[in-house]
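Fold and geometry: a report
In case you want the letters, here they are:
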Amino acid sequence: MKKAVPFTFLALAFLASHVFGQSASDQRATAAETAAYQRRMEVLCHPSGAITIRLAALGREPATTPPPYTEYDRMHFQMFESQNSGDDLMCWDDRNPYYAYRPELIRDGDILSYTKRAKEFVARAEREPAGDGFSRAPETMISGREYPSRYVQLEDWYETPLKTGHYQLIVRRQFLLGGDWVESNPVTFDVVPRKPPTPIPEAFRLRLVPGDVKTKSQDQSYKLSYEAGLAVELINDSEQRVQIIVIDKYYGNRPQLTKDGQIIPYSDETTKLIESKEKDPRLVEVAANLYLDPKTNARPDGFSLKQWYAPLAPGTYHLTDRRRFEIGGPWTKDSIELVFEIVP
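Our subject in this report is the structure included herewith. Each chain carries its own residue numbering, running from 1 in the direction its sequence is written. Totals for whole chains, interfaces and linings use every residue, but because this is a predicted model, local features are given only for residues with pLDDT of at least 70 and side-chain atom pairs only at 80 or more, for both listing and counting. Side-chain measures were taken over the full set of non-hydrogen atoms in the model, leaving aside hydrogen atoms and water.

**Some details on the overall build of the protein chain**
- The secondary structure content of the protein chain amounts to six helices and 21 strands.
- Per-residue burial for the protein chain yields a buried fraction of 42% across its 344 residues.
- Contacts between residues were defined by any pair of non-hydrogen atoms, one from each residue, lying within 4.5 Å. Contacts in the protein chain between residues far apart in sequence, at least 24 positions, make up 78% of those at least 6 positions apart. In DSSP terms, a helix is any run of H or I states spanning at least four residues, a strand is any run of E spanning at least two, and both are numbered starting from the N terminus. Throughout this description, buried means an accessible area under 20% of the type-specific maximum (1.4 Å probe, protein chains only), exposed means over 50%, and partly exposed covers the range between.

This is how it looks when you write it as C-alpha cells:
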C-alpha cells in the first residue's frame, strides 16, 4: 500500500503540469480527471459503505453458518470483495497474508491470540508497509462486480488444530495505507469431538495385484521392475457397507517388504511424508462420498515400489499391505503375501 500514496502525489503533479498552456476545454478535462482521481482515492481511504468483504466457508452450506467441523477437518474460508462507488478502483493486492488482511477469531466469547510467528510477521508488516517486494500486484475492481480474493488459512495465524468450542471468524482489510479498515461479515461455526472410528468388518480383506503382469515365472513368483505399479484390491465379503474416507496412499497404506527375512525400510522421503501426515492429519487426502458395498470388490488406488523404497537390488521379495479408511481409524488385516522377483 505504501507505493499507492506517493503515486497519488505524482499523479496530481503530472496533471497539474499539463494545465498551463492548455486550452480552457483541455483544462476543464484535466480538472475533471483530477477530481475523479481524488474521488477514487477517497473511496479507497474511507471505504465504508462502498467496499464490501463477504467471508464464506468453502465447500459447506450455509457458508456463514457451516455444519460442525471436527478438530482435524479442513477449515477453508475465502474472502470475496465488491464495490459500488460507481467508478473502477485500482488498488494493490497483497498475496502475503500478513499484509493482505487481519483475521479475528473468537472461541466461546474470547478473542484468540495469534501465534508467536504470526505476531512477528504482522510486526514486520507494520514496520515495512511496502511489503516484501514480490507480493504486490495492481488489481482493478469494477463497480458492481464481486471478485474472489484471499483464502483465509487459520494455520497461518492460530495454533491448530482448533480446540472444541463455538467460533466466530471475521476479517478486516485496508485498501490504502493509513486508510480505514473494512470488516467482513462473521462466519460462525462449531468444532466438535471426532466420532469414534468405525470397526472394519472381519470379512474385509486386501489383495495386492501387479498392475501390468498377468503371468508368473516358473518359480511361481511374479517378475516386477522397481517402477512397477501395484493395485490394492479391496474385497468386502461382509454384509456391511464400508465408507472409504482416507484416499491418501502414505497415510492409508502400510506396505511391508522383506528380502531374505529382513524388513526393507522406507526411503527417507517416504518416512518424512508419513511422519508429517501422522503429526498433522489435515495434510491427509480424503474423500467425502466413497463407499464399498457388501459382497463387492474394488481397486480404487495403488502404489509403486518406487514410491515407498529406495532402489531395490535384484532378488526375491515378499510384500504385504494394510489399509485404513479413517483418520485415526483401525487397520485392516494384512493382505495375502505377494511374492515377486525384482528384475533389472
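**Brief notes about the pairing of strand β16 (residues 256-259)**
- Across three bridges, the pairing between β16 and strand β20 (residues 315-320) is antiparallel. Paired with T258 across the bridge in β20 is H318.
- Pairing between β16 and strand β17 (residues 262-263): two bridges, direction antiparallel. Bridged to T258 within β17 is I263.
- Strands are treated as partners if at least two bridges between them are detected by DSSP. Counting the residues that bridge the hairpin from β16 to β17 gives two residues, and of these D260 lies at a positive phi of roughly 55°.

**Notes on the pattern of salt bridges**
- Any carboxyl oxygen of Asp or Glu within 4 Å of a side-chain nitrogen of Lys or Arg constitutes a salt bridge here. Enumeration according to the criterion identifies 23 salt bridges in this entry.
- Across the pair E183 and R172 runs a salt bridge, and its minimum N-O distance is 3.1 Å. Pair noted here: E183 is in strand β10 (residues 181-183) and R172 is in strand β9 (residues 165-174), with a separation of eleven residues, a long-range link.
- Note on R172: relative accessible area 25%, which makes it partly exposed.
- With a closest N to O distance of 3.7 Å, D334 and R322 form a salt bridge. Pair noted here: D334 is in the loop between β20 and β21 (338-342) and R322 is in the loop between β20 and β21, with a separation of twelve residues, a long-range link.

**Points about the sheet that holds strand β8 (residues 146-152)**
- Sheet architecture is open: three strands sit in the order β1-β3-β8, paired in antiparallel fashion. If you trace the sheet from one side to the other, it starts and ends with β1 (51-57) and β8, each paired once. Averaged over all adjacent pairs, the angle separating strand axes in this sheet is 25°, with direction ignored.
- Direction of pairing for strand β3 (residues 77-83) relative to β8: antiparallel, over a ladder of five bridges. Within β8, the position partnered with F77 by the bridge is V152. All axes here are fitted lines through C-alpha atoms, helices being fitted over the stretch that makes contact, and every angle between N-to-C directions spans 0 to 180 degrees.

**Things to note about the side chain of E104**
- Position of E104 relative to the elements: it lies in strand β5 (residues 102-107).
- Once you skip the residues sitting within four places of it in the chain, E104 turns out to touch I111, Y158, Q168, L169, I170 and R172.

**Considerations on the packing of aromatic side chains**
- Aromatic rings from Phe, Tyr and Trp, taking only the six-membered ring of Trp, are treated as a pair when their centres fall within 6.5 Å; an angle between ring planes under 30 degrees marks them as stacked, one over 60 as edge-to-face, and anything in between as tilted. Within this structure, the stated rule accounts for 15 aromatic pairs.
- Taking 5.5 Å as the distance between ring centres and 85° as the angle between the ring planes, the aromatic pair formed by Y69 and F189 counts as edge-to-face. With Y69 in strand β2 (residues 69-70) and F189 in strand β11 (residues 187-192), the pair connects residues that are 120 residues apart, well separated along the chain.
- Classification of Y69 as buried rests on a relative accessible area of 0%.
- Relative accessible area serves as the criterion here: at 1%, F189 is assigned to the buried category.
- Among the aromatic residues, those joined into a ring-pair cluster are Y98, Y101, Y114, F121, W157 and Y158.
- Looking at R241, its charged tip hangs above the ring of Y291, at a distance of 3.9 Å from the centre. Put simply, a charge is over a ring when the Lys NZ or the Arg CZ is close to the ring centre, within 6 Å, and near the line of the ring normal, within 35 degrees.

**Concerning the side chain of R102**
- Structurally, the position occupied by R102 is in strand β5.
- Judged by its relative accessible area of 13%, R102 is buried.
- Think of a polar contact as two N or O atoms within 3.5 Å of one another; within protein, one of them needs to be a possible hydrogen donor and the other a possible acceptor, and neighboring residues in sequence only count if both atoms come from side chains. Of the polar contacts made by the side chain of R102, one reaches the backbone oxygen of Y98; its length is 2.5 Å.
- Separated by 3.3 Å, the side chains of R102 and E126 make a polar contact.
- The residues contacting R102, other than those within four sequence positions of it, are Y114, V122, A125, E126, W157, I170, V171, R172 and W181.

**Observations concerning the pairing of β5**
- Within β5, five of the six residues are buried, which leaves it mostly tucked inside the rest of the structure.
- Bridge count for β5 against β9 is six bridges, and the pairing is antiparallel. Bridge pairing in β9 links E104 to I170.
- Looking at chain direction, β5 and strand β6 (residues 110-111) are connected through two bridges and run antiparallel. Considered in β6, the bridge of I106 is made with I111.
- The turn linking β5 back onto β6 is made up of two residues, and D108 within it adopts a positive phi angle of 50°.

**Some points on the sheet that holds strand β12 (residues 204-210)**
- With antiparallel pairing, three strands are arranged side by side in an open sheet as β12-β14-β19. Among the strands making up the open sheet, the edge pair consists of β12 and β19 (296-304). Geometrically, the sheet is characterised by an average inter-axis angle of 25° between neighbouring strands, direction not taken into account.
- When strand β14 (residues 229-236) meets β19, the two strands line up antiparallel, connected through seven bridges. Residue I235 lies in a different strand from β19, and its bridge partner there is N297.

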